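Each chain, written out:
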Amino acid sequence: MARLRKIKLKRRLKRFILFSVLICILILMGYKAFLYYKYTTTDEYKLIDKGYEKDTVELFFDKLSDQNLEFIYEEDKIDYLKEIVKQEFFIEERFKEYLEFYKENGKKSFEDVVTLVNVGATKDWYEDAIITDISKNELVLVNKFYRLPEDYNPGVIKKFSSTYAYGEVSAEETCYNAFIEMATAAKKDGITLILTSGYRTYASQKAVYDDFKRKKGEDYADEYAARPGHSEHETGLALDIFTYNGLMETFKTTPTYAWLKEHAKEYGFIERYKEGEDYMTGYAPEAWHYRYVGVDVAMKMESMGMTYDEYYAFYIDR
């Protein structure tokens, strides 16, 4: 009898263990099902279910606000979305502008799409131009989309002596002092920097533009001169730098240009309109046109290979 009881007890124990294991398995499966169900309600699942890769989803979460994420949830998968968002100078506030511009200009590179939207060059030149933020001082942006008020006051303007300039050339005081320092350093290296143009009033810039327009038409004038209110020369922070007997056409081949290319940034000056950048700046290359932005900004721009329009959009106007 005792042996029979032991056998029955073992059978009951086995059934209990088997039942307990089964219950645990069912609980675990139920828990996993619950977790999966919960996961299917997450934002990550919504995007992965649309066909986005996990690393792409992580990029979206890192770069985009809830408002723009909501837009993605509601749209079908956008195949090129990752390529736009991952651009180095992607500005989240301009997300939908990038998408719209790419839809209309699908042959452009993603880098160009982001760049052109950032600098505002998706419009016709001078279209919807706004008054610039003059509180930026030497970092004020003046181009074909940002203009100065007619009564703009550039501050203290100082006139260069004939040692540094042909004719009457002047500049805003900070720019003036920086150029004197740069010209002195250049002289020690056997290079003479000569100014042909600097600060212009609104009226004098209008005269320059109108003269170009009268002689060669509006299109030519817009490519080689700025409309009044849109010229950096009106800030007192732009200088046209040449060498003795220098010509515009050959200035880029001179030792003077080579010296400026290497050293101008050390004194806070940038070559404002370089070759290959006219689609961003709206101006033909001007190897002689230098803009004062301060040493820190000039050095950073040089290291990053940016135009000032790009730099302003990404680092200042945000």
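Notes on the structure in this doc start here. The shown structure was predicted, so the numbers you read here are calculated from the model rather than taken from an experiment.

### So, the overall build of the protein chain
- Looking only at helices and strands, one finds 14 helices and eight strands in the protein chain.
- Residues classed as buried in the protein chain amount to 45% of the 318 residues present.
- Taking contacts inside the protein chain between residues at least 6 apart in sequence as the whole, the part at least 24 apart equals 61%.

### Here we look at the pattern of salt bridges
- The tally for this structure, following the rule as stated, stands at 17 salt bridges.
- One salt bridge connects glutamate 275 with lysine 252, and the closest N-O pair in it is separated by 3.2 Å. One end of the pair, glutamate 275, is in the loop between strand S7 (269-273) and helix H12 (278-281); the other, lysine 252, is in the loop between strand S6 (238-242) and helix H11 (255-263), with 23 residues separating them in the sequence.
- Residue classification places glutamate 275 among the exposed residues on the basis of a relative accessible area of 54%.
- According to the relative accessible area criterion, lysine 252 is partly exposed, its value standing at 38%.
- Each of Lys213, Glu218, Asp222 and Arg227 takes part in a single network of salt bridges with overlapping partners.

### Regarding the environment of tyrosine 152
- Following the sequence through the fold, tyrosine 152 ends up in the loop between strand S2 (146-147) and strand S3 (157-159).
- Accessibility expressed as a relative area gives 17% for tyrosine 152, which makes it buried.
- Put simply, tyrosine 152 and threonine 201 are 49 residues apart on the chain and 9.1 Å apart in space, counted from C-alpha to C-alpha.
- Residues in contact with tyrosine 152, not counting those within four places in the same chain, are Ile134, Glu234 and Thr235.

### Digging into unusual backbone geometry
- With a phi close to 75 degrees, tyrosine 126 is a non-glycine residue in the positive phi region.
- Mapped onto the elements, tyrosine 126 comes out in the loop between helix H7 (110-119) and strand S1 (130-131).
- Although it is not a glycine, asparagine 137 sits at a positive phi angle of roughly 55 degrees.
- By the secondary structure assignment, asparagine 137 is in the loop between S1 and S2.

### Re the sheet that holds strand S8 (residues 286-292)
- Ordered by their spatial adjacency, four strands build an open sheet running S5-S6-S8-S7, and the pairing between neighbours is antiparallel. If you trace the sheet from one side to the other, it starts and ends with strand S5 (194-197) and S7, each paired once. Each adjacent strand pair in this sheet contributes to an overall mean axis angle of 45 degrees, direction not counted.
- Relative to S8, S6 runs antiparallel, the two being bridged by three bridges. Residue pairing in the sheet places aspartate 240 in a bridge with histidine 289 of S8.

Criteria and thresholds
- Residues numbered from 1 in each chain as written.
- Predicted model: local features only at pLDDT ≥ 70, side-chain atom pairs only at ≥ 80, totals over all residues.
- Heavy atoms only, no water.
- Helix = DSSP H or I, 4+ residues; strand = E, 2+ residues; numbered from the N terminus.
- Buried < 20%, exposed > 50% of the residue type's maximum accessible area, 1.4 Å probe, protein only.
- Contact = heavy atoms within 4.5 Å.
- Salt bridge = Lys/Arg side-chain N within 4 Å of Asp/Glu carboxyl O.
- Pairing = 2+ DSSP bridges.
- Axes fitted to C-alpha atoms, helices over the stretch in contact; angles between N-to-C directions.

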